[in-house]
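What the coordinates show
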Amino acid sequence: MLRKKIGLLFLITLVGIGLVASPALGKVTLRFWEQQDFPELSEPIQASCDEFEALNPGVKIEWTGIEMGDLETRMATIVAAHNEPDVSMMGGGAWMFLMKEKMLVPLDDVIERLGKTNYSSASLKQMAYEGTIWGVPGNVWMANLIYRRDWLQEAGFDYNMIPRSAEAFLEAVKKITNAEADRYGFVFSMGPGMEELNLYPWEASHGASWLDPYTGEPSFNTSANIAALKFMKELYPYCPPGQVGYGWDEEVNAFLTGKAWAVTTCCPEALDAAYDRGLEWADDIYSIAPPGPVFSAPIWFNPYAVFATSEYPDIAKDFLAYYCSAKPFARKISFTPATYPTAYMPTNEQEILVENLLKKYPQVYEQALAVLPYATVPGNPAGPAPWTAVLDAPVLRKELYADVFLRNVPVEEAVAKFNQVYVEAYEAREK
Amino acid sequence: MKIKELIDRKLGIIFIFPVVFIMVVLFIYPLLNGFFLSFTYKNLFTPKFKFAGLSHYISIFYSAYYWLCVRNTFVYTFLCVSIGNFLGLGIALLLNQEIKLRGLWRGIFLIPWVTPGVVACAISRWALNDLYGVINYVLINLRIIDKPILWLAASEWAMSTVAMVSIWKGFAFVAVVMLACLQGLPRELQDAASIDGASTWQRFLYITFPMILPLFALITLFTFITTFNMFDIIWLLTKGGPNNATMTLPLLVYEVAFQTYKVGKGLAVAVTMGLYMSIVVFLYFKLLQPRLEYKL
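Now for a description of the structure that goes with this document.

Let us look at the overall build of chain A. The secondary structure content of chain A amounts to 17 helices and 10 strands. Residues classed as buried in chain A amount to 57% of the 431 residues present. Of the contacts formed within chain A by residues at least 6 apart in sequence, a portion of 75% connects residues at least 24 apart. When the accessible surface of chain A is split by element, carbon and sulfur atoms take 55% of a total near 18,000 Å².

So, about the environment of S124(B). Residue and element names in this part refer to chain B. Relative to the helices and strands, S124 resides in helix α5 (residues 117-127). With 113 residues separating them in the primary sequence, S124 and L237 have C-alpha atoms 7.8 Å apart. Those residues in contact with S124 that sit more than four places away from it in its chain are V165 and L237.

Moving on, we come to the pattern of salt bridges. All names here are of chain A. Evaluated as defined, the whole model comprises 12 salt bridges over all chains. A salt bridge links D182 to K259, with the nearest nitrogen and oxygen atoms 3.1 Å apart. On the criterion of sequence distance, the pair formed by D182 in the loop between α8 (166-176) and β7 (184-187) and K259 in the loop between α11 (248-256) and β8 (260-265) is long-range, its members being 77 residues apart. For K259, a relative accessible area of 17% translates into the label buried. With its nearest N and O atoms 2.6 Å apart, the salt bridge here joins E412 to K230. With E412 in helix α17 (residues 411-427) and K230 in helix α10 (residues 223-235), this residue pair connects regions lying 182 residues apart in the sequence. Overall, E412 belongs to the partly exposed group, its relative accessible area being 37%. A network of salt bridges, in which partner residues are shared, links E399, D403, R407 and K417.

Now for the pairing of strand β1 (residues 28-35) of chain A. Residue and element names in this part refer to chain A. The buried count for β1 comes to seven of eight residues, which makes it a mostly enclosed element. By the bridge criterion, eight bridges tie β1 to strand β2 (residues 59-66) in an arrangement that is parallel. Residue pairing across strands places E34 opposite G65, the latter belonging to β2. In terms of strand pairing, β1 meets strand β3 (residues 87-89) through two bridges, oriented parallel. Bridge pairing links F32 to V87 in β3.

Nonpolar side chains tend toward joint burial in soluble globular proteins. In this structure, F32(A), M75(A), L98(A), L104(A), V136(A), F319(A) and F45(B) are the most contacted members of the largest nonpolar core, which totals 54 residues. If you look at the next biggest cluster of nonpolar residues, it comprises 40 residues, including Y65(B), C80(B), V165(B) and V256(B).

Next up on the list: unusual backbone geometry. With an omega of -10°, the peptide bond running from G241(B) to P242(B) counts as cis. By the element assignment, P242(B) lies in the loop between α10 (232-237) and α11 (249-259). At N408(A), a position not held by glycine, the phi torsion is positive, near 55°. Phi is positive for L101(B), which is not a glycine, with a value near 55°. Assignment of secondary structure puts L101(B) in the loop between α3 (64-95) and α4 (102-114).

Much of the literature gives interface size as the accessible area that the parts lose upon coming together. Contact with chain B, which involves 28 residues of that partner, is made by 36 residues of chain A. The contact between chain B and chain A buries some 2,500 Å² in all, and 58% of this surface belongs to carbon and sulfur atoms. Linking chain B to chain A there are one salt bridge. The shortest N-O distance in the salt bridge between R125(B) and E250(A) comes to 2.4 Å. Across the contact surface, chain B and chain A share six residue pairs in polar contact (both at pLDDT 80 or more). Where the side of chain B that touches chain A is concerned, the elements lending two or more residues are α5 and α11 of chain B. Classifying every residue of the side of chain B that touches chain A gives 13 nonpolar, nine polar and six charged.

Under the definition given, this model contains zero disulfides over all chains. Lacking any disulfide linkage, C324(A) is separated from the closest cysteine sulfur, that of C49(A), by 11 Å. C324(A) gets classed as buried once you look at its relative accessible area, which sits at 1%. Its sulfur unpaired, C69(B) is 16 Å from the next cysteine sulfur, which belongs to C80(B). In this structure C69(B) comes out as buried when scored by relative accessible area, which is 0%.

So, about the packing of α3(B) against helix α12 (residues 263-288) of chain B. All names here are of chain B. Here α3 crosses α12 at 40°, and the two axes come no closer than 12 Å. In terms of orientation, α3 lies oblique with respect to α12. When you trace α3 past α12, the crossing you get is right-handed. Contacts between α3 and α12 involve Y66, W67, V70 and F74 from the former and V269, T272 and Y276 from the latter. Residue composition of the contact of α3 with α12, by class: six nonpolar, one polar and no charged.

Reading the values: the criteria
- Residues numbered from 1 in each chain as written.
- Chains lettered and ligands numbered in written order.
- Predicted model: local features only at pLDDT ≥ 70, side-chain atom pairs only at ≥ 80, totals over all residues.
- Heavy atoms only, no water.
- Helix = DSSP H or I, 4+ residues; strand = E, 2+ residues; numbered from the N terminus.
- Buried < 20%, exposed > 50% of the residue type's maximum accessible area, 1.4 Å probe, protein only.
- Contact = heavy atoms within 4.5 Å.
- Areas by Shrake-Rupley, 256 points an atom, 1.4 Å probe, with all protein chains shown as cover.
- Salt bridge = Lys/Arg side-chain N within 4 Å of Asp/Glu carboxyl O.
- Pairing = 2+ DSSP bridges.
- Core = buried A, V, L, I, M, F, W, Y, C linked by side-chain atoms within 4.5 Å.
- Buried area = accessible area lost by both parts, 1.4 Å probe.
- Polar contact = N/O pair within 3.5 Å; in protein donor to acceptor, adjacent residues only side chain to side chain.
- Nonpolar A, V, L, I, M, F, W, Y, C, P; charged D, E, K, R; others polar.
- Disulfide = S-S within 2.5 Å.
- Axes fitted to C-alpha atoms, helices over the stretch in contact; angles between N-to-C directions.
- Parallel < 35°, antiparallel > 145°, perpendicular 65-115°, else oblique.
- Left-handed = near helix turned anticlockwise from the far one by under 90°.

Laid out in structure tokens, this is it:
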């Protein structure tokens, strides 16, 4: 009798564990991969998921936070294993392949639900292939220019000077640089893999683009691109010689340790880092957000997409539409205005940082307010279109950089060579 | 009797089956599949692919960038194996002596080996930084140099620097193995040579080294293979830069397969890597190893 009781108890325990561990009976479980580079984002993400579940009792959202740097690799692995999530933040070249191979679900209706006019034409253009929208713009990385005002004074400029043109900026860089004293006017990371982070903003600031904004055909060999690269080459001698090997951290650290006067980076990080380090000159840091001398530019848009392998594509789209308009994330002002002033920037980590920054740097908030009317940039300079995914893009950018900065190939020749490969890839795109 | 033999034979098969299964699943199948895919236009994201024939191999053999990577790989491997192995041997000889705090020194020399590669590279990047790195700071303050050396940012320095970090990371393994070998050598020969008036160097050259040579050669082969395949240290330090100065074949495989998504072409590069290593291993076993057996 005792054995039977123990056996029954054991059985009940097993069933209980099974019920707890397994998806609830009758419930739909949606797997959601979200970019998460900051731990403070967990709470708002979870809150959005909980709200959607409360509104849709038969649905459970299982979300996984992944750092952007890991996202592409993990995406490649999961797709190769045929174990895609239902909804995912996308990054870089991977999603262009998926879009081209029709491995995603069209999301035109989701954009309509969210309000097409709430998104800039640039962001929607990047999401489209063959007339269909395949992603919902999620967030964007903006490159802003940050510099030290106290160094301006030492170089004989006015403390409140804001270099509003490329020429003014270059003049300041040249005057401030004193290599003997280990001081440089500017720093930009040129380590492998960093090329696009620097190339895009400077191209955008010169009105350049990699694609023709109207036809989508390659247009790298333009006077604007050549001018952008020539400008970067003019800056090069006034930067630390070792920047050839710098990654993102070294670039920002060169600025924070007082070696470089200015840097382009995602503004809040540098400001926040300076403040957190209690550096005396933190208040002297000034940030130029757009329009400035147009050093600020959206670098790329990270979209959300629904995989075609999802068992519940309609529910996935409902979730995406809700998530992208989720009230916990709603802000009246977005610091990274890839879209129009909008509430639809749910997981933009810049917004979380902006809240912290508002307490520390009121002038940053004022700058953000001033920026918004200028949000409609014509397009991501790289303007990735699906056919560009066939390019050996990282390799080519590395070669372009090496040609221009290390091998002293004339800029016109380097640009022409790069464009030729682009043209060839465009012509071969259907193969 | 026959039944017993039958059972014994089947038992043997059952015992080795798990190992064979693992070998097939984890080694033989991926090897054959990879070799097959190197003849296809396989993309990382899509399951379907077209047959490419020899086009990948032709394109890489005609690529100057590929041959640059081959050259860099052999240079890097040669530097690491030659310097690292003889350094390891030297340390082993030192630690085999009756020195003070020998146990402590043995522990200290093991630190590089037990340090995770990622940690070692992160520390190295900081220490070697041209603006705030401690190495340049010390060298400048000792007036050995008057301006910072671009350890990882100058093409002429990058390969040596990467090799230096790899050597620091790897010499302890050779030291440990050779120390074990040295401690197993008979002391009588050394004592007899000492009595006959042989110097330390003569004893090493004519007695110790010939006895440890077979193992040293084998260790050299192992370190050649692991160094030839080295990815993490080079990737974390320079990602193949600056200006492709440290771009090696393993990095090329990664770049082609995971950055341009051309898995077929990446596998073709990997197959050529296997070919080069096979040639070296073949030469070792065919030509060198028979000559290395020490006979008393």
